[in-house]
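What follows is the residue order along each chain.
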Amino acid sequence: MGKSNKKELLSIASIPLIMTLGNSMLIPVLPAIRSKLGVTSLQVSLLITVYSAIAILLIPIAGYLSDRFGRKIVIIPSLIITGIGGLLSGLAAWWMDQPYIMMLIGRFIQGIGAAGAFPIVIPLVGDIFKKESDVSSGLGLVETANTFGKVLSPILGSALAMAIWFLPFLFIPLLCLISMLLVLFLVKPPAKSTEQANPVSFAGYLSNIKTIFKNNGRWLYAIFAIGCVCMLVIFGVLTYLSDLLEDKVHVVGVIKGCLLAIPLAALCLASFATGKLIGRNQRLMKWIIFAGLILLTGSLLVCGWATSTYLLMTLISLAGIGIGAALPCLDVMITEGIEKEQRGTITSIYSSMRFIGVAIGPPLASILVKSSPSLMFFIIAGLSVITSAIALFAIRPKKDQKLPVKGALA
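Residues numbered from 1 in each chain as written. Predicted model: local features only at pLDDT ≥ 70, side-chain atom pairs only at ≥ 80, totals over all residues. Heavy atoms only, no water.

Engineer: Even after reading the chapter, I still don't get the overall build of the protein chain, so can you show me in this structure?
Structural biologist: Secondary structure summary: the protein chain contains 15 helices and zero strands in total. The C-alpha radius of gyration of the protein chain comes to 20 Å, within 12% of the 22 Å expected for a compact globule of 410 residues. Oriented by its inertia axes, the alpha-carbon framework of the protein chain measures out at about 55 × 45 × 40 Å. Buried residues in the protein chain amount to 59% of all 410 residues. Accessible surface, the protein chain: about 15600 Å² in total, of which carbon and sulfur atoms supply 70%. The distance from the centre of the 32 positive side-chain charges to the centre of the 16 negative ones in the protein chain is 4 Å. (Helix = DSSP H or I, 4+ residues; strand = E, 2+ residues; numbered from the N terminus. Rg over C-alpha atoms; globule rule 2.2 N^0.38 Å. Buried < 20%, exposed > 50% of the residue type's maximum accessible area, 1.4 Å probe, protein only. Areas by Shrake-Rupley, 256 points an atom, 1.4 Å probe, with all protein chains shown as cover. Lys, Arg positive; Asp, Glu negative; His and termini not counted. Charge placed at Lys NZ, Arg CZ, Asp CG, Glu CD.)

Engineer: Teacher, can you tell me more about the confidence of the model for the protein chain here?
Structural biologist: Detailed reading of the predicted model is not advised wherever pLDDT is low. Scored by pLDDT, the protein chain has a mean of 86; 91% of the residues are at 70 or more. Here residues 400-410 is modelled with pLDDT under 50, and outside its nearest four sequence neighbours on either side it reaches 37 contacts, counting other chains as well. (pLDDT = per-residue confidence, 0-100. Contact = heavy atoms within 4.5 Å.)

Engineer: How should the pattern of salt bridges be read in this particular structure?
Structural biologist: Side-chain pairing between opposite charges can occur once the charged atoms of the two side chains come close. Taken as a whole, this structure holds four salt bridges when the rule is applied. A salt bridge links Asp243 to Arg34; the shortest N-O distance between them is 3.9 Å. Within this pair, whereas Asp243 is found in helix H10 (residues 202-247), its partner Arg34 is found in helix H2 (residues 30-37), the two being separated by 209 residues in sequence. Looking at Arg34, the relative accessible area reads 19%, which means it is buried. Lys256 is paired through a salt bridge with Glu246; the nearest N and O atoms lie 2.7 Å apart. Here the residue Lys256 occupies a position in helix H11 (residues 253-278), and Glu246 occupies one in helix H10, the gap between them amounting to ten residues. Glu246 sits in the partly exposed class, given a relative accessible area of 22%. Among the charged side chains, a salt-bridge network with shared partners connects Arg34, Asp243 and Asp247. (Salt bridge = Lys/Arg side-chain N within 4 Å of Asp/Glu carboxyl O.)

Engineer: Any chance you could explain helix H13 (residues 309-336) here in plain terms?
Structural biologist: Residues spaced three or four apart along an α-helix point in a common direction, a consequence of the helix completing one turn every 3.6 residues. Taking 1.5 Å per residue as the helical rise, H13 with its 28 residues ought to reach 40 Å, and the 41 Å between its terminal C-alpha atoms agrees with that figure. Where burial is concerned, most of H13 is hidden: 23 out of the 28 residues are buried. Between the side-chain oxygen of the N-cap and the backbone nitrogen of Tyr310 there are 3.3 Å, and the N-cap of H13 in question is Ser308. (Expected span 1.5 Å × (residues − 1). Polar contact = N/O pair within 3.5 Å; in protein donor to acceptor, adjacent residues only side chain to side chain.)

Engineer: What is the right way to look at the packing of H2 against helix H3 (residues 41-69) in this model?
Structural biologist: Helix-helix packing: each pair is described by the crossing angle between the helix axes and the interaxial distance. Running from N to C, H2 and H3 cross one another at 120 degrees; their axes reach a closest spacing of 9 Å. Classified by the angle between their axes, H2 and H3 sit oblique to one another. With respect to the hand of their crossing, H2 and H3 are arranged in right-handed fashion. When H2 is examined against H3, the residues Leu30, Ile33 and Arg34 are found in contact with a partner set consisting of Ser41, Val44, Leu47 and Ile48. (Axes fitted to C-alpha atoms, helices over the stretch in contact; angles between N-to-C directions. Parallel < 35°, antiparallel > 145°, perpendicular 65-115°, else oblique. Left-handed = near helix turned anticlockwise from the far one by under 90°.)

Engineer: What's the story with helix H8 (residues 167-186) in this structure? I'm lost.
Structural biologist: Its 20 residues give H8 an end-to-end C-alpha distance of 29 Å, which sits within 8% of 28 Å, the value for a rise of 1.5 Å per residue. What H8 keeps buried is the set Pro168, Phe169, Ile172, Leu175, Cys176, Ser179, Met180 and Val183.

Engineer: In this structure, what is going on with the nonpolar core? I would like to understand it.
Structural biologist: Most often, soluble globular proteins keep nonpolar side chains buried together rather than apart. Met19, Ile289, Ile346 and Phe377 are the most contacted members of the largest nonpolar core, which totals 128 residues. Broken down by element, the residue count for this core peaks at 23 residues, all from H10. Dropping the residues within four chain positions of it, Met19 is found in contact with Tyr51, Leu79, Thr82, Ala114, Ala117, Phe118 and Cys176. (Core = buried A, V, L, I, M, F, W, Y, C linked by side-chain atoms within 4.5 Å.)

Engineer: Explanation requested: the packing of aromatic side chains in the structure shown.
Structural biologist: For any pair of aromatic rings, geometry is given as the distance between the ring centres together with the angle between the planes. Overall, the coordinates contain ten aromatic pairs when judged by the stated rule. Considering the side-chain rings of Trp165 and Phe166, the 5.5 Å spacing of their centres and the 85 degrees angle between planes classify their relative orientation as edge-to-face. Accessibility assignment for this pair places Trp165 and Phe166 in one class, buried. For the ring pair Trp287 and Phe290, a centre distance of 5.8 Å and an interplane angle of 90 degrees mean the geometry is edge-to-face. Placement of the pair is Trp287 and Phe290 together in helix H12 (residues 282-303), with a separation of three residues, close to one helical turn. Ring pairing ties together the aromatic residues Trp94, Trp95, Trp165 and Phe166, which thus form one cluster. (Phe/Tyr/Trp six-rings, centres within 6.5 Å; stacked < 30°, edge-to-face > 60°.)

Engineer: What is the right way to look at the environment of Ile226 in this model?
Structural biologist: In this fold, Ile226 is placed in helix H10. By relative accessible area, Ile226 is classed as buried at 0%. Considered as a pair, Ile226 and Gly322 are 96 residues apart in the sequence and their alpha carbons are 12 Å apart. If sequence neighbours within four positions are ignored, Ile226 has contacts with Ile289, Leu293, Leu330, Thr387, Ala391 and Ile395.

Engineer: Even after reading the chapter, I still don't get the side chain of Ser153, so can you show me in this structure?
Structural biologist: Here Ser153 lies in helix H7 (residues 132-163). Residue class for Ser153 comes out buried when judged on its relative accessible area of 1%. Setting aside chain neighbours within four positions, we find Ser153 in contact with Leu21, Ser24, Met25, Pro28 and Ser158.

Engineer: It is not clear to me how unusual backbone geometry should be interpreted in this structure. Could you clarify?
Structural biologist: Trans peptide bonds make up most of the peptide bonds, and negative phi angles are found at most residues other than glycine. Phi at His250 is positive, roughly 65 degrees, even though this residue is not glycine. Relative to the helices and strands, His250 is located in the loop between H10 and H11. By relative accessible area, which is 61% here, His250 ends up exposed.

Engineer: Looking at this structure, I do not really get the packing of H3 against helix H5 (residues 100-115). What am I missing?
Structural biologist: Orientation of H3 relative to H5, taken along the N-to-C sense of each, is 30 degrees, at an axis distance of 7 Å. Here H5 runs roughly parallel to H3, going by the angle between their axes. In this structure, H3 meets H5 at a crossing whose hand is right-handed. Listed contacts from H5 to Gln43, Val44, Leu46, Leu47, Ile48, Val50, Tyr51, Ile54, Ala55, Leu58, Ile59 and Ala62 of H3 are Tyr100, Met103, Leu104, Arg107, Phe108, Gln110, Gly111, Ile112, Ala114 and Ala115.

Given below as structure tokens:
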């Protein structure tokens, strides 16, 4: 990996870092936002859900546009839109007496921008690097930046909210500006992989998707399902833990943010280590995914019986290790398994599935906790069991090599 490639990779990695901060910074301050706005837990969780819901719908379109016109042409305007959405939410909270609806609109706009930013990162890494080891290492760093954003977000969000409760919203435009400048001046994707000489029509795009899923449906659906459940667990459990620390343990502010960061730090370290380890070994990736999901399932089941908050945090950290081990493997499999011409399309659908998990997690946790926290943990543990079985039976590498569209996964 050359020096210029490293600069490009660090610039690209700023996108998932900043996109994650723009969303996850709100998790530790949701109780404070709920109190300031006078809304219910379910209503305040919609500030996370509406961001993800619109992204789910637009990500596949962004993937198509990035395949046809180029990654940067989609990423740069998307970062600008994301910043505008954050600014609107922050100004509404600052200037309006009843800002909830306008804040939702701002988050909606922010989600539109997010649809064309982070999901395009995965195929962009695949475009820039030629060696498969560099691709897997690069995707490991991107996933680490994503998870590091989750580690930093509760601390930064809590610190900003201690000054002014809506300051995390106003911080988003600044973050987007930094990432936009880095991508604009330092990232130079190969022209052949991002600007097709013979652009595919939208009808042809849909036809290509059908063909890809016809040939590769089993392992693609498996990866989509696993990515969705992993994100659902992260955002659902952290939303519950944030409320628990504030309402029951009475821990607030930066200390609360630091406690929330512990499970995420475990996830981040596992993601970084896995990205370094897996290389191009597809069999190893499968078994790391499976082992990570088993660890996730076991930890969640025990959480259902845990009575100590600190034991609960330890178990959630173990669950984070399981998720952190699985995510880089999913990224590499789906990037290496699809030809460059369709890579943006398929990885964008994968990102949509991850956003579905983000959207469902917080409101699901809010609804289930009303009955019982144990019920919440048992239900999401059940989802993890299902995805473990999917990983075991649906992902079948034939040999340890790059995964061509027609081949290496049965």
